[in-house]
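If you want the building blocks of each chain, they are given just below.
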Amino acid sequence: MNLHSRKKTLPSIRDYYSATQLRADRWSALREAAEGLARHRKEGRKSEKLLKTAEHLFEVLAPIEQYWAFPGIHAFEHLRRLLQHGNADDLSVSIRRIARALTSGAYRRRSIPLSSEEIDNEDYEDEASLAPEARALGRPYFEVLIVDDVTESQERFLRQNLLRMRRVEDQFIYEPVIVPSLEDALIGILFNYNVQAVVVRPGLSLKSKIDLPILSQYLTRVSEEEAVDAIEPHEYGPEACRLIEKIRPELDAYLVTDRSAEDIAGLDLGRCRRVFYNQEDFQELHLNILRGVDRRYKSPFFTALKEYSKQPTGVFHAMPISRGKSISRSHWIQDMGAFYGSNIFLAETSATSGGLDSLLEPRGPIKEAQDMAARAFGAKHTFFATNGTSTCNKIVVQSVVRPGDIVLVDRDCHKSHHYGMVLAGASVAYMDSYPLHEHSMYGAVPLREIKHTLLQLKAAGKLDRVRMVLLTNCTFDGIVYNVRRVMEECLAIKKDLIFLWDEAWFAFARFDPTYRQRTAMGVANTLRGTLRSEETAEAWKAQQEALKDADEETWLNTRLVPPPDARVRVYATQSTHKTLTSLRQGSMIHVNDQDFKGEVEQAFHEAYMTHTSTSPNYQIIASLDVGRRQVELEGFEFVQKQIETAMSIRRAISDNPLLNKYFRVLTAGDMIPEAFRESGVEAYYDPDHGWADTWNMWSQDEFVLDPTRVTLAVGGTGWDGDTFKTKILMDKYGIQINKTSRNTVLFMTNIGTTRSSVAYLIEVLVEIANDLDDLLDDASKMERRSFENRVSALVEHVPPLPDFSRFHDAFRAGSDTPEGDIRTAFFLAYNEDNCDYIPTDDSLMERLEAGEELVSSSFIIPYPPGFPILVPGQVISPEILSFMRALDVSEIHGYRADLGLRVFTKEALKSVQK
Ligand SMILES: Cc1ncc(COP(=O)(O)O)c(C=O)c1O
């Protein structure tokens, strides 16, 4: 479809990724139509076409508006009547105000007068552009979804009674939205991000009467797993509460019922906060709703720090910067004070008393903040870290891995894990991720490979030593595991395995239901329920029977069922600062381990002490606390908007023929081999078919692609990823990114990415493509050929990524299984006499090809791709050497170009031979 034809006709529903986008676009189209009608009227022109457009827009908006409090379905119907009565002037004024308030968010702060007789301060600034102090003074706004199949007069009664409860001292302000059925409640909470509480009343019905595909897609998700149709009428209320928790666990649900207390007591009501038996007790309900939101709004450590900073104190301990004294008295560093302002120094202290707390031994507000974070992220315990996930990883590894324990690790994991393994003395079994040779990047470890490694260890009688499986989810490039399947099938082989999921890039995933099903904590909680079920017990028994004499291949090809007595032992580490609101280095460790108290807690404490500073940064801790508050109240909204933004980048590039000449957004089809995409879906968006069914992929495929991370293939520009990043994006256009591969760059969106930054990015790409067009238009034959050669070198002649070779026998206990003692190798290299350097020239290749065993004594980490191609104790293979030699990156950590590769001497290897 060309751009002109799109402008003239309204886009179809298929063109929208989400109902929120559809809603926003339809309101602005309605505004255009209403303004056109008013103009035509003034000019005395006919407006049949505009009238039709406006009527159509009312038609599509009508079902959508039932789920939002502003402007509200009654105001909406009033507008419709204005149209029917030909009152174009009033219609245009009201619609302009609504569309404006929806875009700016003004309706969250004040009531918007819709009648043209009332004056509206239209110059009111956008919410985002108000000073933070001004916004902090306002009362936060939210919406309460009331589920009840009421008549018009009952609805008025409900509404008026709730509004009558408002008091000046209320901390928040809310508006009710009333929907009739359980299905509408589910659509409502998935669609309306303003909803913070749901009141389920006894009169609710089951089915939604609304038939709009973009809304009912939400329902399909739920009903695929839950037999919604089979719910009995007397179960509607309790089931609604249970399903609400499943979809948006952060929300407060209130059940109003006429069933007896004993009846209700045995039911699963999700996180229902209160059950009311008196339908008309609006005051109790009102106070509970406010209290429920306040529970999430509280940020105990941030509040304590603010209070502390107001107290007059004399500082007679460390930290001259505390209260800004060393700055305010200075003649030379005043600019620091001016730049940061006074609060940050007033809040800097090394005190742990005065209302504050100690991170190393938390008992007060830090403990409370951590407990609230555990609630928000679905963990049983959460620990804050002020030195990033690098530290969190080392803490978890040290607390659960004992010297000699076998750990299965993805080889391209973050370097903190490798160092963690060295410190813990683990026997490391590295597993290879599937390679994406053409883009010089790795995917993730196929489940088959994980199972194969476990079964190999089992066959060698070493299963009892296998302690942990450690995987990165999602990977830097956005490959996401099927976490549930991995854990279930691994537990089927060893029932007490511990899992560490490195979710450095995935903290936000908890706040979207599609993503949540692939998070460590989400799945741990699901497993706690499913493992105990009778279905699991039966399925496991039957499978054991069937697999009695099965060979490895059969085990690999079977979807294994975990035994009912398997333990749920799951850890996740998250760089809160990477994807949510937190100062740099703010990270969290989430624990969901049934044996934590009995087996790990003491060791965890020691490990935490080993790696945590005794002077942790209070500002980082406070920001983690506030970051948690944010996600509990608006994580859903922000993540939803982030996904929409990322999807709009994907679409803008795919739809643009000029950009397609030089760039290509890599799709799931490019980054995940077909065998791992059971849904068969290739891309989130393609110009011919529109949007794919995201839920379908996410619920079944072995791997999915996180759409918020957009990998752009740039080989077609003739620049490699690194040059494109530094020389073009950064130096010329001030666009920052940090991950590149040989022929790709990665654009990561986050909850702060704005629509205008996306528009700028697209503008820049168009400009680059235009410049390239101009350059090639004027190029001589030679120049053109040189360009083509550069492109083909980047796109076609990419060195294949090498697999992990193996640990040298000196570091292995037997050669039938892959694990190696990385710690011994690491410390063996501390003695210079044990090491030698070999230039990476042709003669080295000849030696390797002739079968000589040379063993790396260091980590060799080229950047990009940023993971070790060699670790201490690893045999250097000809493939690894070829890859290294073909790499044209400037940074190879651990490698000295002037000396060559650092390897162990033969004598050194002999000295440790086991
Ligand atoms: C997968 C992974 N884990 C851990 C880390 C370390 O996180 P942090 O920067 O919070 O120390 C990173 C950093 O990029 C990472 O990519």
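Residues numbered from 1 in each chain as written. Predicted model: local features only at pLDDT ≥ 70, side-chain atom pairs only at ≥ 80, totals over all residues. Heavy atoms only, no water.

(A) Spotlight on the site of the ligand. Neighbouring the ligand are 13 residues, the closest being Thr 389, Ser 390, Asp 502, Ser 575 and His 577. In this structure, Ser 390 approaches the ligand through a side-chain N or O atom, which is 2.6 Å from an oxygen atom. Between the ligand and the protein, one listed contact pairs an oxygen atom with a side-chain N or O atom of His 577 at 2.8 Å. Protein chains shield 85% of the accessible area of the ligand, which is 390 Å² for the free molecule. No other element matches the 4 residues that helix H18 (residues 388-400) contributes to the shell around the ligand. Here the residues of the shell around the ligand are counted per class, giving 2 nonpolar, 9 polar and 2 charged. (Near = heavy atom within 4 Å. Polar contact = N/O pair within 3.5 Å; in protein donor to acceptor, adjacent residues only side chain to side chain. Areas by Shrake-Rupley, 256 points an atom, 1.4 Å probe, with all protein chains shown as cover. Helix = DSSP H or I, 4+ residues; strand = E, 2+ residues; numbered from the N terminus. Nonpolar A, V, L, I, M, F, W, Y, C, P; charged D, E, K, R; others polar.)

(B) Representation of the pairing of strand E21 (residues 744-748). Of all 5 residues in E21, 4 are buried, a share of seventy percent or more. With 5 bridges connecting them, strand E20 (residues 709-713) and E21 associate as antiparallel partners. Within E21, the position partnered with Leu 712 by the bridge is Val 745. (Buried < 20%, exposed > 50% of the residue type's maximum accessible area, 1.4 Å probe, protein only. Pairing = 2+ DSSP bridges.)

(C) How the structure looks around the side chain of Thr 744. Note that Thr 744 resides in strand E21. A polar atom in the side chain of Thr 744 sits 2.6 Å from the side chain of Ser 741. Ignoring any residue separated from it by four or fewer positions in sequence, one finds Thr 744 in contact with His 439, Met 441, Leu 666, Thr 711, Leu 712, Ala 713, Val 714 and Gly 721. (Contact = heavy atoms within 4.5 Å.)

(D) Seen up close, the sheet that holds strand E16 (residues 664-665). One open sheet accounts for 3 strands, arranged E16-E20-E21; its pairing is antiparallel. A strand with exactly one partner marks an edge of an open sheet, and here the two such strands are E16 and E21.

(E) Inspection of the nonpolar core at higher detail. Among the nonpolar cores identified, the biggest contains 134 residues, and Leu 408, Met 421, Ile 450, Met 468 and Trp 501 are the most heavily contacted of them. Discounting chain neighbours no more than four positions away, the residues touching Ile 450 are Leu 408, Met 431, Val 445, Val 469, Leu 471, Val 486 and Cys 490. Counting residues in hydrophobic clusters, the runner-up holds 75 residues, among them Leu 82, Leu 114, Tyr 193 and Leu 206. (Core = buried A, V, L, I, M, F, W, Y, C linked by side-chain atoms within 4.5 Å.)

(F) Spotlight on the state of the cysteines. According to the stated counting rule, one finds 0 disulfides in the structure shown. Cysteine Cys 490 shares no disulfide, and the gap to the nearest cysteine sulfur, in Cys 413, comes to 16 Å. Overall, the relative accessible area of 0% leaves Cys 490 in the buried class. (Disulfide = S-S within 2.5 Å.)

(G) Quick peek at the packing of aromatic side chains. According to the stated counting rule, one finds 46 aromatic pairs in the structure shown. Put simply, the rings of Phe 383, Tyr 571, Phe 596, Phe 604 and Tyr 608 pair up and form one aromatic cluster. The ring of Trp 505 has Lys 578 lying over it, and the distance from NZ or CZ to the ring centre is 4.7 Å. (Phe/Tyr/Trp six-rings, centres within 6.5 Å; stacked < 30°, edge-to-face > 60°. Lys NZ or Arg CZ within 6 Å of the ring centre and 35° of its normal.)

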